[in-house]
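So you can see what is in the structure, the chains are spelled out below.
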Amino acid sequence: MNEIIMQCNALCKNYSGKQALKNLNLSIKRGRIIGLLGPNGSGKTTLIKIANALLTPSSGQILINDKNPGIESKRNVAYLSDCVCLPDWMKVGELVEFFASYYDNFVTQKAYEMINNLNIDTNVRLKTLSKGNKEKVQLILVMSRDADLYLLDEPMGGVDPATRDYILNTIISNYRENSSVVISTHLIADVENILDEVIFINNGEIVLQDMVDNIREKQGKSVDMLFREVFRC
Amino acid sequence: MLGKLIKYEFKASGRLLLPIYGAVILMGLISSFFVKIHPDFSLGSKLLTVASIVSMILFFVLIVAAIISSYIFAIYRYKKNLLDSEGYLMNTLPVSVWQNISGKLIPAIIYQLLSVIVAFIAGILFFIIGSNVTVANLFEAAERFFEELAKASSIHLWLAVTEFSILILISLAASNLMVYAALSVGHSFTTHKILSSVCVYVIFYIASQFINTFLLIAAGSFFNNALTGINLTDSLPHMLIVGLILLETAYGAIYFFISDYFMKNKLNLQ
């Protein structure tokens, strides 16, 4: 098994004349929870979308398990988009069955357990749930997969602090040793404690990639403090 | 995987379309019932006359609505499920782009055909219940019609029916794919996605009309020059249908390729 789960080589993405990613080189190893941190518009979502084959790079290459994004990588990457993207006319139970039917690595029992713990009725349509519960259901469906790589785009955007805690707990408790979790966010204080490694991204370029312990030991700062320093306006 | 996509799409589209189809049959029964009990509008209760007319108008409106909605819904489902926010889910499933497109196309064609079949059945039901015609009468009449048709022309009837059915299927596929291709191209733009899709559709339409006209002129001159003196009355309709099938297949293939290419390489979900 290759230790590197995702690798970017000179990755560029241009949108209508603007460079969203500039010659990005990056390696993500297995067995880590990684924070992809940067201000809005820094290229976090673009990078995650390219890894999910939702965008094609303008030049350069991204490899998941040594392969270009495609059907094979989609089997092994669990992706949480930055919006609720599930068909809201479906019942919660139907969504679980939908995921189970497409992903071999989906653990149905795990999903039902987590949904039952939240006291969400599996017979109700998704559209009848609150925004927070919709996001929780979406996260449960993503985290119920035994994937190699979890790419979570803004998993805590616009939810209350209690829901944030729930989301972080769900991520930690479902994370497996050989897999990696990439959490894209700008809410650093919330995620800091669960991160092993951070990647700072700004204007489509990697500004810093280091282990959280190194940052604390060498620089004597928290990730949140360092972020504020690096991205000072 | 394609089977699963088709099954899912049947369910998603059926939620709206099947109740409309059911309403068509129901309204056909209701209006035929009124005609049965109140055959002469000039006599009897005015209220019954109004009810009969309203039910017939509603029946007609529902038939049109069922057929139109099966087309509109095909467009809506492609856009909503593959190109809007639900596209994040559908385009990250471990399926190919062609499977996602076919997973929308096949149910769309079946529902479009079903809408016409439902309208036809509702019309026959209306006719049978509302008048004194029996089902047996209808079958006899249909049989006679086909016999006469076969006698009157030298065309091989079943061959013609088969060719015509294939042409309808392929044309339906091509017309849906033309919209899919326009939506796929239009949604690759960052802004004004719908407007762009409409513009692309218009361009496709004009281009296809241009090609059709050109082919028509070319075919006309070919028959005039090359085949003078040969009796074409027997084979001309056959050649025409086969030619149209080939043309529609070519259009369908081109639009499928365009949709596939743009969904694969230019997807721009927001």
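Structure shown above.
Here goes a summary of the coordinates provided. For every chain, the first residue of its written sequence is number 1, and the numbers climb from 1 along that sequence. Written order determines the labels here, with chains lettered from A and ligands numbered from 1. Per-residue local features are limited, in this predicted model, to residues with pLDDT of at least 70; the limit for side-chain atom pairs, both in listing and counting, is 80 or more; totals at the level of whole chains, interfaces and linings are taken over all residues. Side-chain numbers come from the whole structure's heavy atoms, not from hydrogens or water.

**Side note on the sheet that holds strand 1 (residues 4-15) of chain A**
All names here are of chain A.
Here comes step 1: One open sheet holds the 3 strands; their spatial order is 2-1-4, and the pairing between them is antiparallel. Strand pairing shows two members of the sheet lacking a second neighbour, strand 2 (18-29) and strand 4 (59-64), which therefore form its edges. Here the average twist between neighbouring strands, direction ignored, is 15 degrees.
Here comes step 2: When DSSP finds at least two bridges between two strands, those strands are taken to pair. Each helix corresponds to a stretch of at least 4 residues labelled H or I by DSSP, and each strand to a stretch of at least 2 residues labelled E; elements are numbered beginning at the N terminus. Note that strand 1 and strand 4 share 5 bridges and pair antiparallel. For cysteine 12, the partnering residue across the bridge sits in strand 4 and is serine 59.
Here comes step 3: Each of strand 1, strand 2 and strand 4 touches helix 1 (residues 44-51); the most contacted strand, strand 1, lies at about 115 degrees to it. Convention adopted: a line fitted to C-alpha atoms gives each axis, helices being fitted over their contacting stretch, and angles between N-to-C directions are expressed from 0 to 180 degrees. Every residue pair with non-hydrogen atoms within 4.5 Å of one another is taken to be in contact.

**Some details on the sheet that holds strand 6 (residues 149-153) of chain A**
Residue and element names in this part refer to chain A.
Here comes step 1: An order of 5-6-7-3-8-9 is seen for the 6 strands of this open sheet, with the pairing classed as mixed. Single-partner strands in this sheet number two, and they are strand 5 (77-80) and strand 9 (205-211). For this sheet, the mean inter-axis angle between neighbouring strands, taken without regard to orientation, is 15 degrees.
Here comes step 2: One ladder, built from 5 bridges, connects strand 6 with strand 7 (residues 180-185); its direction is parallel. Across the sheet, the residue bridging to leucine 151 is valine 182, located in strand 7.
Here comes step 3: Set on the sheet, helix 5 (residues 131-143) makes contact with strand 5 and strand 6; between it and strand 5 the angle comes to about 170 degrees.

**Points about empty space enclosed by the protein**
Here comes step 1: The way it works is a 1 Å grid over only the protein atoms, where trapped points that fit a 1.4 Å probe form a cavity and open points with protein on both sides within 12 Å along at least five of seven lines form a pocket, and then any residue with an atom within 4 Å of a point lines it. Grid points are joined across faces, edges and corners, and a volume is the space filled by probe spheres set on the points. Enumeration over the complete set of coordinates arrives at 3 cavities of 30 Å³ or more.
Here comes step 2: When its volume is computed, the largest cavity comes out at roughly 130 Å³.
Here comes step 3: Residue lining of the largest cavity: 16 residues in total, with A:Tyr79, A:Phe99, A:Val142, B:Leu89 and B:Thr92 positioned closest to the centre.
Here comes step 4: For the lining of the largest cavity, the secondary-structure elements that each account for two or more residues are strand 5 and helix 5 of chain A together with helix 3 (87-90) of chain B.
Here comes step 5: Ranked by residues supplied to the lining of the largest cavity, first place goes to strand 5 of chain A with 3 residues.
Here comes step 6: Taken together, the residues of the lining of the largest cavity sort by class into 10 nonpolar, 4 polar and 2 charged.
Here comes step 7: Listing elements by their share of the lining of the second largest cavity, those giving two or more residues are helix 1 (2-37), helix 2 (46-83) and helix 4 (97-130) of chain B.
Here comes step 8: Its residues assigned to classes, the lining of the second largest cavity comprises 7 nonpolar, 2 polar and 3 charged. For this scheme, ten residues count as nonpolar: Ala, Val, Leu, Ile, Met, Phe, Trp, Tyr, Cys and Pro. Four count as charged, namely Asp, Glu, Lys and Arg, and the remainder, Gly too, count as polar.

Geometric values such as these leave the question of function open.
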